[in-house]
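# Inside the fold
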Amino acid sequence: MLVIPTYNEKNNLRDLVKRIRQVLPDMPILFVDDNSPDGTAEEIRGLMSADPAIRLWVRPGKQGLGSAYRETFLKLLDEPGTEYFIAMDADLSHPPEILPEMVRLLGMHPVVVGSRYLRGGRVENWNWLRRLISRLGNWYARVLTRVPVSDLTSGFVGYRREALRNLSLQDFDSEGYAFQVEMKHRLHKSGANIFELPIVFTERREGASKFSFAIIMEAAAYPFKNWFSKKN
Ligand SMILES: Nc1nc2c(ncn2[C@@H]2O[C@H](COP(=O)(O)OP(=O)(O)O)[C@@H](O)[C@H]2O)c(=O)[nH]1
Ligand SMILES: [Mg+2]
């Protein structure tokens, strides 16, 4: 199952679903929308009328990406059936064309990360400052957490059900990029092997990024807090 959180993504959805359906015609897709003011949920309901494998959960208001994933995974773990969950962004930054390969790899690995910083991966349409922040952030998070993954802030991640079940998701406390780092860190500590697959990440053309100074600060604090609490 694909799990796609949305906040004001109305203009990306048609293309997103079209590109997913070209490679995975029947894969269930769950959108988790935080009651976007731009009418994202309405747009999704329109797509659902033509595609019975699309589902939508609407939450009452914007509560953050980490909270969207935590709440959704906790609910999905109570529903039997689905073998794996693939988290991806709605803004077409994560190439849907790689999904069949990710699905294949999830047959062999508990966690598969779409990585920009592996040979063969890259980022398109970011300026030097945005690239530098991401590179430095990843380097710093990797040094402090010691998780051997080249793209710790990636949000394009496939999880086998068993990998998520061991995590105590209700105890997480981060949003934004910090959430992505915390997920990989906790998976690594739980003993899960994390496999990386190179991807070409393309910055969004439609809609606005939720990237902000507060999100950078939170992401900077997570590895530090963690490192500090381990040493003392
Ligand atoms: N449900 C939900 N989705 C969110 C929230 N914040 C961001 N998203 C979604 O998370 C994905 C990544 O967000 P984006 O703004 O592109 O972040 P960036 O790629 O770091 O610039 C997109 O699909 C957003 O619509 C939120 O508070 N709630
Ligand atoms: Mg984005």
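Above this text is the structure in question.
## A closer look at the site of ligand 1
- Inspection of the region around ligand 1 gives 18 residues, with E9, K62, Y177, S209 and K210 positioned closest.
- Take A90: an N or O atom from its main chain is 2.8 Å from an oxygen atom of ligand 1.
- Here K210 contributes a backbone N or O atom positioned 2.7 Å from an oxygen atom of ligand 1.
- Relative to its free-state accessible area of 570 Å², ligand 1 is covered by the protein chains to the extent of 94%.
- Only β1 (2–6) and α3 (65–78) provide two or more residues apiece to the shell around ligand 1.
- Here the shell around ligand 1 is built from residues that sort into eight nonpolar, three polar and seven charged.

## With respect to the side chain of Q180
- By the element assignment, Q180 lies in helix α7 (residues 176–189).
- Judged by relative accessible area, which is 4%, Q180 ranks as buried.
- Excluding its chain neighbours within four sequence positions, the residues that come into contact with Q180 are L65, Y69, L152, T153, S154 and G155.

## Notes on the sheet that holds strand β2 (residues 29–33)
- A sheet is described by the order of its strands in space; here seven strands give the open sequence β3-β2-β1-β4-β7-β5-β8, paired in mixed fashion. Of all the strands in the sheet, the pair left with one neighbour each is β3 (54–58) and β8 (194–198). Going from strand to strand, the sheet's axes swing by 20 degrees on average, the running direction of each strand aside.
- With five bridges joining them, β1 and β2 adopt parallel strand pairing. If you follow L2 over to β2, its bridge partner there is I29.

Criteria and cut-off values
Residues numbered from 1 in each chain as written. Chains lettered and ligands numbered in written order. Predicted model: local features only at pLDDT ≥ 70, side-chain atom pairs only at ≥ 80, totals over all residues. Heavy atoms only, no water. Near = heavy atom within 4 Å. Polar contact = N/O pair within 3.5 Å; in protein donor to acceptor, adjacent residues only side chain to side chain. Areas by Shrake-Rupley, 256 points an atom, 1.4 Å probe, with all protein chains shown as cover. Helix = DSSP H or I, 4+ residues; strand = E, 2+ residues; numbered from the N terminus. Nonpolar A, V, L, I, M, F, W, Y, C, P; charged D, E, K, R; others polar. Buried < 20%, exposed > 50% of the residue type's maximum accessible area, 1.4 Å probe, protein only. Contact = heavy atoms within 4.5 Å. Pairing = 2+ DSSP bridges. Axes fitted to C-alpha atoms, helices over the stretch in contact; angles between N-to-C directions.

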